Amino acid sequence: MMEQAWRDAAFLHWAVPPERVAHLMPPGVRPDVLDGVTYVALVPFRMVGAGLGPREVGPAVPWAGTFLETNVRLYSVDDTGRRGIVFVTLECSRLVVVAGAQAAFGLPYRWSSMAFGRRATSEGARVAYALRGRGNRSGVCQRLELSLGAQLSPTEAHDDDGLPRFLTARWGLHQQHLGRTWYVPNEHGPWPLRTASVEAFEDGLLADVGFPELAAREPDSVLFSSGVVTRFGLPGDARRPRRG
């Protein structure tokens, strides 16, 4: 259905009890847990070259297919056993994308101004993300700066039982729309992951979507990736197991 590249993605995660987020799950979906906890994630990144169909079929959408996005997401599993993501908000710098995604899929996209920068220091590379809500949300601001650390080995990044894989290898999303819960599958290669440290963090977004307590404590996991190319399939009823 769609292909897009996710670049310069930061992953900040806070562990929470599953009951903290259970009320945000669509019908037929529950929090996915690892070692008794689930996670709230803050994920800013650059969307590059999004377009309908795979690249060999259709080109990227000019201008509107490349933008900045920041999402707050949760981890989900449905009654058929498929693991995915539930989005609390998807902040986007393209108003046309916000309107289209809301209408087509009911996704909680919101319009925000965003900025991204990368610079070298004597200690190594740093990346910075900034966000300000548009319209009547102009008071919602966020600023994040990370210093980038070592690359994770394939074993560390992709161990089936490890935390990095649980947090980043999610093969679909769950979304309630038009009276039912949908599952939209996706596929991508392994995330190239590296460690990262928070150098500065000023939050308004987590608080705005109902998690004011999280920014007051250190994230339980901070990772960074140069990115992957992702393909999305057609949505289906989350109550029905996928065929094949």
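Scope of this entry: the structure provided in the associated data block. (Residues numbered from 1 in each chain as written. Predicted model: local features only at pLDDT ≥ 70, side-chain atom pairs only at ≥ 80, totals over all residues. Heavy atoms only, no water.)

Re the overall build of the chain
For the chain, the count of helices and strands is four helices and 13 strands. Since a compact globule built from 244 residues should have a radius of gyration of about 18 Å, the 17 Å found for the chain is in line with a globular shape. Dimensions of the chain, computed from C-alpha atoms along their principal axes, come out at roughly 50 × 45 × 40 Å. For the chain, restricting intrachain contacts to residue pairs at least 6 apart in sequence, the fraction spanning at least 24 positions comes to 69%. (Helix = DSSP H or I, 4+ residues; strand = E, 2+ residues; numbered from the N terminus. Rg over C-alpha atoms; globule rule 2.2 N^0.38 Å. Contact = heavy atoms within 4.5 Å.)

Regarding the pairing of strand S7 (residues 124-133)
Bridge analysis of strand S6 (residues 109-121) against S7 gives ten bridges, and the strand direction is antiparallel. Directly across from Ser-112, in S7, lies its bridge partner Gly-133. With antiparallel pairing between neighbouring strands as the criterion, S6 and S7 make up a hairpin whose turn holds two residues. (Pairing = 2+ DSSP bridges.)

Points about the pattern of salt bridges
Inspection of every chain in the model, using the stated rule, returns 19 salt bridges. As a salt-bridge pair, Asp-220 and Arg-217 come within 3.1 Å of each other at their nearest N and O atoms. Residue classification places Asp-220 among the partly exposed positions, given a relative accessible area of 45%. The exposure class of Arg-217 is partly exposed, given its relative accessible area of 34%. The salt bridge involving Arg-239 is made with Asp-237; its shortest N-O contact spans 2.6 Å. Given a relative accessible area of 62%, Arg-239 falls into the exposed group. Put simply, Glu-91, Arg-110, Arg-137 and Asp-208 are held in one network by salt bridges that share partners. (Salt bridge = Lys/Arg side-chain N within 4 Å of Asp/Glu carboxyl O. Buried < 20%, exposed > 50% of the residue type's maximum accessible area, 1.4 Å probe, protein only.)

So, the packing of aromatic side chains
Applying the stated rule across the entire model yields eight aromatic pairs. Each ring, one from Phe-11 and one from Trp-191, has its centre 5.1 Å from the other, and the planes form 85°; the classification is edge-to-face. Of this pair, Phe-11 sits in strand S1 (residues 2-16) while Trp-191 sits in the loop between strand S10 (180-188) and strand S11 (193-202), placing them 180 residues apart in sequence. What makes Phe-11 buried here is its relative accessible area of 1%. Grouping aromatic residues by their ring pairs yields a cluster made of Trp-6, Phe-11, Phe-45, Trp-191 and Phe-232. Here the guanidinium or amino end of Arg-82 rests over the ring plane of Tyr-183, the centre of that ring lying 4.7 Å away. The positively charged end of Arg-134 is found above the aromatic ring belonging to Trp-111, 4.1 Å away from the centroid. (Phe/Tyr/Trp six-rings, centres within 6.5 Å; stacked < 30°, edge-to-face > 60°. Lys NZ or Arg CZ within 6 Å of the ring centre and 35° of its normal.)

Remember, this is a structural readout, not a statement about activity or role.
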